Amino acid sequence: MEALRPLDDAADRVIGVGADDEPAYGAVPSSTGPGPEGRGAHRPGRKRKRGIAFWLAVGWLVVVAVCAVAADWLPLPDPNRPDVLDRLEGFSAEHPLGADPLGRDQLSRIVHGARVSLVVSVSAVSIGLVVGGTIGTAVGYLRGRTERVVMAVVDVIAAFPALILLLAVLAFVGRSLTIISLLIGALSVPIYTRVARANTLSIAQREFVHAAHTLGAKRSRILFREILPNVVPPVAAFALVAMGLVIVVEGSLALLGLSVPPPDPTWGGMIANGKPHLEEAVHVALVPSAAMFLTVLSLNFVGDTLRRSLDVRDSNL
Amino acid sequence: MRLVLRRLPAILATLLIVSFLTFLLTSLLPGDPAVQILGPEAANDAESLAAVREDLRLDDPLLSRYGAWLSDVATGDLGRSYRTGQEVTEAISERLPVTLEVGALAVGIALALAIPLGTLSAFRAGSRLDRAVTGTSFGLLALPSFMVAILLIYVFAVTLGWLPATGWTRLTADPLDNLRHAILPALALAAGEMAVYTRLLRADMITTLQQDSITMARAKGIPTSRILFRHALRPSSFSLMTVVGLQVATIIGGAVIVETLFALPGIGRLLVDSIVQRDLVMVQGVALVIAISFVVINFVVDLLYTLLDPRIRHGSPATA
Amino acid sequence: MSPRSGRRVIHPGPTAKAPLLEVDDLRTTFETPRGTLVAVDGVTLRLEAGQTLGVVGESGSGKTVLARSVLQLVSARNAGIGGSVRLAGRELVGLSAKAMRSVWGVEAAIVFQDPMTSLNATMRIGDQITESLRYHLDMSRNEARTMAVALLRSVGIPEPASRLRAYPHQLSGGMRQRVTIAIALACGPHLLVADEPTTALDVTIQKQILDLLEAQQRERAMGMILITHDLGVVAGRTDRIAVMYAGRVVERAPTRVLFHDRRHPYTEGLLRSIPRMTNPGHSRLQVIPGRPPDLVALPEACAFAPRCRNAQPRCLEERPELVDIGQDHEHACFFPVGTPEGGEALARNVAAGESAAGLPVADDATVDVTTLAPLAPTEVV
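Quick caveat: nothing in here was measured; it's all calculated off a predicted structure.

Scanning chain C for helices and strands turns up twelve helices and twelve strands. Counting over 381 residues, chain C shows a buried share of 50%. Contacts spanning at least 24 positions in sequence make up 67% of the contacts within chain C whose residues lie at least 6 apart.

Structure follows, in structure tokens:
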């Protein structure tokens, strides 16, 4: 961290004293006059202390995960049981989050829909993380021709709108939770490869890796004992943000009617069901939207906070 | 111009690979492609299947098929849909202008908002305005375009009734009505883009504002607005330019959804419709056109880059 | 380098009119995660119109912050400026950026160290020169253009008209610094602050740029502050010199007095580190041991004591203030060089083998500057 460096010339540089990846103060023309009230002035201990927003986000994610896992055991009505009398009902004691166009309980559908979001995002991200992470770390460490070839392929695949590829393939392969997860996972391999390679490159240049080399450690030992433990945390932080992205992609598929076939609930499918009824019952679309928004927001926030505290630079991407 | 020539081989190689991937769609799918194309109901219609096989040269080896397909593509022949009987090129040229208009409008709106917001936010880094802008854009990042679309439809079409929720009028038919139909879809696409652009510009602008050249400009006593927009904006927008190009992929993805939600006759909806109808020839053609536009747009962005940075334009190494 | 000597008066004497620049107890601080960094600590300076003040110190001594503080160009959110800066009688500390706009460029201008970073790489040179002309002097596009050509010619740029359309990277380093000087001079400022204007340039170019600054300063009768880490640079070109260490002025005197009769051990250290033609071929270049101190939480002591050959226990407990010893000469040292106290202090340290701060002190009279003939500024190049 810059702040810990000897300040031998810091004073002459005027600015950049203790600057980190997000400078809270700039050499900004200020008409309010100078003052030590800058946000960046009080940074000590930032690493340990995380704000309440961080814990709220973590809390929400835990709730979603628990719902997804325990949906069947929770005291909720059957998410797929229609009840025409309750059609488009608003918030009530019987249906705390209202009922959808077929009179199905929204709360129950949200809870069960969390399962699809969770399964797709966790499995797709795991595939990307393991495959892309391994390839990226390997080529980032080994360098040479392998790296050039792999990165060229990665660039070409990444140079293609993933959603289009996804749609095109889904159309002809059929759609199930497994296929969707596998496809999204496979399509995200290039980006994980880039992230892992970038982090490996920067870590491979650090002193302790050079030191291990000098001490005659084997390449495999350096890779697994020195580099991998340092590459995993930032890539995992990125994976959290990527999970949010996957949830949105699944939602987009559901909206186009290309995700898990009905009647099984997904958040995207619920939004699609609500769309024609915005006029008479806006809550049908809003409730699943809110659930998805909060989940993606929390993932972004937690991922971003972790990434920043890990001091990941995007410069090698 | 030299730059165009230097980059041309790489561009052509990318296009070749992308076209091959698109072509593979028809070959790697499980089952008989002819059945896939005509649909399961035609599985027993041997005559039609044979006609499709003949037409698409399905019995030829893969590479020679690709060669034949590529030469057709090069002459502008993307085939004919087996579902609608329409020429693929004709369908695309009907739909492409809609997508281009909405997409360009979205990028325009996003930049028009992001440039002043990102600049002011960086200039007043840490202030209440900055925190509001940063917080809002962080929230917008978690708001996918389809949610923005539904919110916009609810507020401006359903509740206020100011703008139509669905449909399209051609620009040449009635420019004003065209805009009324284009504005909500464009806003839905623009929201997320704006957030990405604003955050990026703010970060780069904060770095730029700490440079000596800005202190030097201040020491000239010229107005702040000139320092920000004449001196600081250009050196701060290099990564913004690149990302605007890369985000074209996101916009195309978003266009598929937004065109479906707003019932716009664009190329994204054409793709979705073709997928639902298992119109393989059409899917192939649309995917190819989208991929080519993506590659070309990114190439154009690279060229714009050189307009921003005179050092690249004059072929000297950029040090900043 | 003699042309200036005719004007070099030991002390100009009290004049009726106020000096061009009066800096009083200027203090610039930065709040950092580790505490308050005091970059400029109670600096007081005077500059008469048409005179040149040299500010000398190592990097980290606070001289660059001083330069920017004088012009109110320190605006990091974590910075604070206290004290007083009066330019032609007008108080600048506390002025808003908007109010400063009538000072910047018109009354006072600045030239930075590295023209590559201080010029805007994405703007044509012509635009960078003409913008202040058009804004401050309300010139038309054509008038400003004509003026810019004249300015470029006056700073020695060949074919000035065709250079207007060039970008900074198309010029050499020396040419770029000439351009920044032209920009600074554009609106005819009364005060020019040159912050290490030659440090980033080739040695062969340095003298040209310094000569240019000197010529322009004389021609326009500007007041100039020339900031450098190299006493050799200011030797023949300044009327007075202030030596800075750890954010404070530790010695201040007319140039000739400083070179002949320096009192502060730090000044002496700086003088010893200048290579000189008159030295015997094999004499070692002296360096000041150690590094400048961390400017966060400086103790109440002489900041130079840990590196000082004369340091005594008192230096570690008490901070010396500037004392006036006549001849317009001030220093902040309890045991100054060239005085009986200083001599005794050094002798004690040599005898003990180390200073009060633990710095090893050996008797190396061979390069003791005091034994050399009085040093005329002109000998220093």
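This brings us to the overall build of chain A. When helices and strands are tallied, chain A shows eleven helices and zero strands. Here chain A, with 317 residues, has 46% of them falling under the buried criterion. Sequence separation of at least 24 residues holds for 69% of the intrachain contacts in chain A that already meet a minimum separation of 6.

Turning to the sheet that holds strand 4 (residues 79-87) of chain C, a few remarks are in order. Residue and element names in this part refer to chain C. One open sheet holds the four strands; their spatial order is 2-1-4-5, and the pairing between them is antiparallel. A single partner strand is all that each edge strand has here, and the edge strands are strand 2 (35-47) and strand 5 (90-91). For strand 1 (residues 21-32) and strand 2, the ladder comprises ten bridges, and the chain directions are antiparallel. Directly across from glutamate 22, in strand 2, lies its bridge partner arginine 46. Sheet strands touched by helix 1 (residues 63-70): strand 1, strand 2 and strand 4. Its angle to strand 2, the strand with the most contacts, is close to 65 degrees.

Residues and elements named next belong to chain A. Interaxial distance between helix 2 (residues 52-70) and helix 11 (residues 283-309) falls to 9 Å at its minimum, and their mutual angle equals 130 degrees. The orientation of helix 2 relative to helix 11 falls into the category oblique. Here the hand of the crossing between helix 2 and helix 11 comes out left-handed. Across the interface between the two elements, Ala53, Phe54, Ala57, Val58, Trp60, Leu61 and Val64 from helix 2 touch Leu294, Thr295, Ser298, Leu299, Phe301, Val302 and Thr305 from helix 11.

Residues and elements named next belong to chain C. Notably, aspartate 25 is not glycine yet its phi reads approximately 50 degrees, a positive angle. With respect to the helices and strands, aspartate 25 occurs in strand 1. The exposure class assigned to aspartate 25 is exposed, which follows from the 11 C-beta atoms found within 10 Å. Within the chain, glutamate 159 stands out as a residue other than glycine whose phi angle is a positive 45 degrees. The topology assignment puts glutamate 159 in the loop between helix 5 (141-154) and helix 6 (160-163).

This brings us to the confidence of the model for chain C. When pLDDT is low, close inspection of the predicted coordinates is not appropriate. Residue and element names in this part refer to chain C. Looking at chain C as a whole, its pLDDT mean stands at 84, while 87% of the residues score no less than 70. Ignoring residues within four places in sequence, the model shows residues 1-16, a span with pLDDT below 50, making 14 contacts including any to other chains. Low pLDDT, under 50, characterises residues 365-381; the stretch is placed with 29 contacts to residues that sit more than four places away or in other chains. ipTM for the predicted complex: 0.81, alongside a pTM of 0.81.

With that settled, the discussion passes to the confidence of the model for chain A. Residues and elements named next belong to chain A. Averaged over every residue, the pLDDT of chain A is 74; the share at 70 or more is 80%. Note on residues 1-48: pLDDT under 50 across the span, and 105 contacts to partners over four residues away in sequence or across chains. Below a pLDDT of 50 lies the segment residues 312-317, which in the model reaches eleven contacts outside its immediate sequence neighbourhood of four places, other chains included.

Residues and elements named next belong to chain B. With respect to the helices and strands, valine 102 occurs in helix 5 (residues 88-123). The class of valine 102 is buried, set by 30 C-beta atoms lying within 10 Å. Taking the C-alpha atoms as reference points, valine 102 and phenylalanine 23, separated by 79 residues in sequence, lie 28 Å from one another. With sequence-adjacent residues up to four places away left out, valine 102 is seen in contact with Ala182, Pro185, Ala186, Leu189, Ala255, Leu264 and Gly266.

Take Ala112(B): it is sitting in helix 5. Given 12 C-beta atoms within a 10 Å radius, Ala112(B) is considered exposed.

Bringing the pairing of strand 1 of chain C into the picture now. Residues and elements named next belong to chain C. Two successive antiparallel strands, strand 1 and strand 2, enclose a turn made up of two residues. In this sheet, strand 4 lies alongside strand 1 in antiparallel orientation, the contact comprising eight bridges. By the bridge assignment for strand 4, threonine 29 is matched with glycine 80.

The next thing to look at is helix 5 of chain C. It helps to recall that an α-helix has 3.6 residues per turn; residues three or four apart then point in one direction. Taking 1.5 Å of rise per residue, 14 residues should cover 20 Å, and helix 5 of chain C covers 20 Å from first to last C-alpha, within 8% of that figure. Phi turns positive, to about 85 degrees, at Gly156(C), one or two residues after helix 5 of chain C.

Right, let's get into the environment of Ala263(B). Residues and elements named next belong to chain B. Tracing the chain through its elements places alanine 263 in the loop between helix 12 (248-261) and helix 13 (267-276). The sequence separation of alanine 263 and tryptophan 168 amounts to 95 residues, and the corresponding C-alpha distance is 7.8 Å. Once residues lying within four places of it in the same chain are set aside, the contact partners of alanine 263 are Thr166 and Gly167.

Moving on, we get to the sheet that holds strand 10 (residues 248-254) of chain C. Here we have eight strands laid out as an open sheet, ordered 6-7-8-3-9-10-12-11 (chain C), and mixed in their pairing. Strands at the two margins of the open sheet, each flanked by one partner only, are strand 6 (108-111) and strand 11 (323-324) of chain C.

This part takes up the packing of helix 3 (residues 106-142) of chain A against helix 6 (residues 177-187) of chain A. Residue and element names in this part refer to chain A. Viewed as axis vectors pointing N to C, helix 3 and helix 6 meet at an angle of 40 degrees, and their least axial separation amounts to 7 Å. Taken as axis vectors, helix 3 and helix 6 run oblique relative to one another. Between helix 3 and helix 6 lies a crossing whose hand is right-handed. Between helix 3, through Val116, Val119, Val120, Ser123, Ala124, Ile127 and Gly128, and helix 6, the contact on the second element is made entirely by Leu177, Ile180, Ser181, Leu182, Ile184, Gly185 and Ala186. Taken together, the residues that form the contact of helix 3 with helix 6 break down as ten nonpolar, four polar and no charged.

Here the focus is the pairing of strand 6 of chain C. Residue and element names in this part refer to chain C. Of the two faces of strand 6, the one carrying Ala108 and Ile110 and the one carrying Ala109 and Val111 are both buried. Note that strand 6 and strand 7 (residues 191-195) share four bridges and pair parallel. Across the sheet, isoleucine 110 pairs through a bridge with valine 193, a residue of strand 7.

The rules behind the values
Residues numbered from 1 in each chain as written. Chains lettered and ligands numbered in written order. Predicted model: local features only at pLDDT ≥ 70, side-chain atom pairs only at ≥ 80, totals over all residues. Helix = DSSP H or I, 4+ residues; strand = E, 2+ residues; numbered from the N terminus. Buried ≥ 20, exposed ≤ 12 C-beta atoms within 10 Å, placed from the backbone. Contact = placed C-beta atoms within 7 Å. Pairing = 2+ DSSP bridges. Axes fitted to C-alpha atoms, helices over the stretch in contact; angles between N-to-C directions. Parallel < 35°, antiparallel > 145°, perpendicular 65-115°, else oblique. Left-handed = near helix turned anticlockwise from the far one by under 90°. pLDDT = per-residue confidence, 0-100. Expected span 1.5 Å × (residues − 1). Nonpolar A, V, L, I, M, F, W, Y, C, P; charged D, E, K, R; others polar.

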